[in-house]
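# Geometric and topological summary
Here's the letter readout for the chains.
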Amino acid sequence: MKIIGKKDGAQLDIKLEGRLDTTTAPELETYLGENFTEDVSELFFDFDSLAYISSAGLRILLSAQKKMNSRSGTMKFKNVNELIMDIFDAVGFVDIFTIE
Amino acid sequence: MDNEKKRCKKISFKFAVGFLILGLFVIISSCVVGYIKYTSVIAKMYNDSAYRIAHTAMESIDGDLIEEYTERIHQANSKTLPSVSRKIQSEDAYQELLDTLTILRKSMKANYIYIADQRDAAGKVGSTLTYLFDVDNPEDDVPAFVPGDTSKMNESFLADSNYIYETGKRSDNYFYSHSDFGYNTSAIVPIQNSDGQVVAIIGVELAMKTLQNARMEYILYTVALGAALTAFIIFLFLIYIKQKVIRPINIITEEAEAFVNNETEVSDRLSQISTGDEIQQMAGSILQMEHDIGSYIKELTQVTAERERIGAELNVATRIQADMLPSIFPAFPERDEFDIYASMVPAKEVGGDFYDFFMIGEDRLAMVVADVSGKGVPAALFMVITKTLLKNYAQNDLSVKETLETVNDKLCENNKAEMFVTVWLGILDIPSGKLTCANAGHEDPVLYRQGQQYELLKNKHGFVLAGMEHMRQREYEIQLNPGDKLFLYTDGVVEATNANEELYGAERMVKALNKTVDADTEHTLAILKEDIDQFVADAPQFDDITMLCLKYKGVGKNMEQDSETSSAKELTLDASLENVQAVVDFAEEALEAMNAPIKVRTQINIAIDEIFSNIARYAYTEAAGMATVRIEPFADQSGVTLTFVDQGIPYNPLEKEDPDVTLSADEREIGGLGIFMVKKSMDEMQYEYKDGQNVLRIGKRF
């Protein structure tokens, strides 16, 4: 998996390419740990090139969402493919996440 | 009651005796005073009448004649005296005066009247009376003196009679004498010749007959009347005392007793006492006191009940608090990679100290030792919040640093009591022995390296939690090797104080710990507690004493990596997360050969990811194990079956409850979604435990 991030003040854009699964999830976790700092109030994920997500990925996303909620920031997903949408749907994340 | 009666009788008795003594005193003094005064008045009266008799006699007496008689008698010697006396007696003038005196004595009821000269022949006044006339009461049966007879002057009259001779005046003193017949009074008056010279005296003695009787009567009356009056007054006073003192006092006493016996029931008897004096005041005060005591007791009862209730609740709180801390040891009997033991001895019923340890996933062990500022219930409440938050965040896969920082912010949100908590948090990666930890204002841990000594591990501390928002924490790592031990504690250990106000201190603690290097974790804490107890001796425990000891034993050697791919359709390999990708690649290849649709391939990839990582994480807790993945198409080629086999602990993922997907982000548990996703995306899912193997089969139609 490839993580392409761009931080601009309080805004953090992350584009993921490949698979967000058990193997790669820790990478994202580490990345978020370093970049998704407290000053970040807007977090945008671009899933255009993301093939799929496993539960390991979901937990990181949920964790990020909780963190964002606690600081009343915005977190959005765009270009979510059908499969990932199905997964989000299945686990009820469509109601939790803001998906464009 | 008998006692009270006795007491009251005593009071009456005391009053009666007092009055009796007073009465006696009054009677005696009035008797004495009356007696003296009466005597003197009566005596004076008698005396005055004696003088009147004397003066009456004087009217008939010719001083010159008397002088002549005295001269004649003084000139006579003892031989001629009787004839001279007889001669004088025979003279008419003498007889005439004697008759006058006799009549006077008789009519005035005098004892006797006499005329005598106190001078001797030389004219010198002496103590011998030489009689000229003597008129006696014939009843006395004593022969009267004749002229020339002598007698000794009554000595008590001597000075006064001398005075009379010298001055020619009567004496101011009264003369009294006492004879067998009773009290007498005398008057002595000088008889002067025509030149004014005193030539003789006339004496009159009167018996004070009425005096004695009158006096006796007076005393009798006085005593009788006094006694009667005293008795009457005592009687009246006793009635008064009974009504106004004893009865009210009895009422007060009875009321006080009733108050005690009837458990503070106040009657209105006291308010009926209206003596209008100090007793009424006392009754009022006692009534007030009863009311006050009643309300105090009521209050006290309430307070006591309240206290008992609080005490009971505190006991429950203590138990709840104790139950919150993991207290069943060994805590993880199935894990032989480490040993952990902890204890907490609260100073009060509930304390602010706590320890905690829990697994995060299969490979990580989190440990917490913390101390909330303050003690008692507030500290205990804060402890509960802190403990819960720490566990939640740590288990949500946040790092040590993140956990502390997040918990800090959460605690700050509503910390009006301005409490804070010092926390040491460490997460041990069990397979590697890497301990990631952070210290938020807490005591330094003590590390024991296999074969060495315990040493304080000094690292930079972060700020205490709940102290200030958005504080950053520092994380540091310790590599634990098999045999290493870590000792965590709160300030109750190092600040344990003995009777001499000395602190136990870190030095003593490390020294004591070094005696325990061969002991297991439980005994390490026991030995240390004993050492502290010995040091503190009888001094009271001020702070909670919390200790935690971890011994890292390490993981048994991994099985040899043997990822031999037996066939194109079956793969057996080490059940580790690193091999997830290998399984996915293996399936990808097989599925491509089966011309499976892209979506199915992706879904199967996800399923493999979830299931294999589950096996890698949870199947083998003690040592690494193997897992086999078999992939085969349906007989009609319309789908594919994947079979996962492992020899780990029996675990049926299908029994796991589905997560509630309708909750909000904050309510959602992080994790627990994997198997659920697989269930949703696959068409078929079966599990069985067979021959010591977990067999999970999933099917997906193309």
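Nothing here was measured: the structure is a model prediction, and the numbers come from that model.

### Some details on the overall build of chain B
Each helix and strand in chain B was counted, giving 15 helices and 21 strands. In chain B, buried positions account for 47% of the 702 residues. Considering only intrachain contacts with a sequence separation of at least 6, the fraction spanning at least 24 residues in chain B is 67%. Summed over all atoms, the accessible surface of chain B reaches about 37000 Å², with 54% contributed by carbon and sulfur.

### Considerations on the sheet that holds strand β3 (residues 150-152) of chain B
Residues and elements named next belong to chain B. With respect to topology, 6 strands assemble into an open sheet ordered β3-β2-β1-β6-β5-β4, the strand pairing being antiparallel. The sheet is open, and its two edges are formed by β3 and β4 (175-179), each paired on a single side. Adjacent strand axes in the sheet meet at a mean angle of 35° when their direction is disregarded. Direction of pairing for strand β1 (residues 110-119) relative to strand β6 (residues 198-207): antiparallel, over a ladder of 6 bridges. Residue pairing for β6: Tyr114 is matched across the bridge by Gly203. Against the sheet, helix α4 (residues 92-108) engages β1, β2 (125-136) and β6, with an angle of about 80° to β2.

### A short note on the interface of chain A and chain B
At the junction of the two partners, chain A supplies 31 residues and chain B supplies 37 residues. Interface area, chain A with chain B, both sides summed: about 2700 Å², of which 54% is carbon and sulfur. The interface formed by chain A and chain B holds 6 salt bridges in total. A salt bridge links A:Glu38 to B:Arg472, with the shortest nitrogen-to-oxygen separation between them at 3.9 Å. Put simply, chain A and chain B have 8 residue pairs in polar contact (both at pLDDT 80 or more) between them. Among the elements that line the side of chain A that touches chain B, the one with the most residues is helix α2 (residues 55-70) of chain A, at 11 residues. When grouped by side-chain class, the residues that make up the side of chain A that touches chain B number 12 nonpolar, 10 polar and 9 charged.

### Remarks on unusual backbone geometry
Residue and element names in this part refer to chain B. The omega torsion across Phe329 and Pro330 is 0°, close enough to zero to call that bond cis. Here Pro330 shows up in the loop between α7 (278-324) and β7 (338-345). One non-glycine residue, Asn595, adopts positive backbone phi at about 60°. For Asn595, a relative accessible area of 64% translates into the label exposed.

### A closer look at the confidence of the model for chain B
Of all residues in chain B, 96% attain a pLDDT of 70 or more, and the chain-wide mean is 85. For chain B, β4(B) is the element with the lowest average pLDDT, namely 76, and strand β15 (residues 485-489) of chain B is the one with the highest, namely 94.

### Some details on the pattern of salt bridges
This model, assessed by the stated rule, comprises 32 salt bridges over all chains. Across the salt bridge formed by A:Asp46 and A:Lys15, the nearest N and O atoms sit 3.8 Å from each other. In this pair, A:Asp46 is assigned in strand β3 (residues 42-53) and A:Lys15 in strand β2 (residues 11-20), connecting sequence segments 31 residues apart. A relative accessible area of 14% means that A:Asp46 is categorised as buried. Among the ionic contacts, a cluster of salt bridges with common partners joins A:Glu38, B:Lys401, B:Glu405 and B:Arg472.

### A short note on the layout of surface pockets
Residues and elements named next belong to chain B. Volume-wise, the second largest pocket comes out at about 980 Å³. When residues of the lining of the second largest pocket are traced back to their parent elements, those giving at least two are α4, β1, β2, β3, β4, β5 (182-192), β6 and α6 (209-261). Counting residues per element, the lining of the second largest pocket draws most heavily on β5, at 6 residues.

### A closer look at the pairing of strand β20 (residues 684-690) of chain B
Along any regular strand the residues' side chains alternate between the sheet's two faces. Pairing between β20(B) and strand β21 (residues 693-701) of chain B: 7 bridges, direction antiparallel. When the bridges of β21(B) are listed, B:Gln686 appears paired with B:Arg697.

Conventions and cut-offs
Per chain, residues are indexed from 1 in the order of the written sequence. Each chain is given a letter, starting from A, and each ligand a number, starting from 1, according to the order in which they appear as written. Only residues with pLDDT of 70 or above have their local features reported here, since the model is predicted, and side-chain atom pairs are shown and tallied only from 80 upward, although totals for entire chains, interfaces and linings are computed over all residues. Side-chain descriptors were evaluated using all non-hydrogen atoms of the structure, hydrogens and water having been removed beforehand. To qualify as a helix, a DSSP run of H or I must reach at least 4 residues; to qualify as a strand, a run of E must reach at least 2; elements of each kind are numbered from the N terminus. In this scheme, a residue with accessible area under 20% of its type's maximum is buried, one over 50% is exposed, and one in between is partly exposed, where area comes from a 1.4 Å probe on protein chains only. In what follows, a contact means two residues having at least one pair of non-hydrogen atoms within 4.5 Å. Note that accessible areas follow from Shrake-Rupley with a 1.4 Å probe, and for residues the cover is restricted to the protein chains shown. DSSP calls a pair of strands paired once it identifies at least 2 bridges connecting them. Simply put, an axis is a line fit to the C-alpha atoms, just over the touching stretch for a helix, and the angle between two N-to-C directions goes from 0 to 180 degrees. Buried area is a sum: the accessible area each of two parts loses on coming together, probed at 1.4 Å, counted once for each and added. Salt bridges, as used here, are contacts in which a Lys or Arg side-chain nitrogen is within 4 Å of a carboxyl oxygen on Asp or Glu. Polar contact is defined as a pair of N or O atoms within 3.5 Å, subject to the rule that within protein one atom must be able to donate a hydrogen and the other to accept it, and that residues adjacent in sequence are counted only when both atoms are side-chain atoms. Amino acids outside the nonpolar list (Ala, Val, Leu, Ile, Met, Phe, Trp, Tyr, Cys, Pro) and the charged list (Asp, Glu, Lys, Arg) are all regarded as polar, and Gly is one of them. pLDDT expresses, on a scale from 0 to 100, how confident the predictor is about each individual residue. Every definition here rests on a 1 Å grid over the protein atoms only: cavities are sets of points where a 1.4 Å probe fits but cannot get out, pockets are open sets enclosed by protein on both sides within 12 Å along at least five of seven lines, and lining residues have some atom within 4 Å of a point. Grid points are joined across faces, edges and corners, and a volume is the space filled by probe spheres set on the points.

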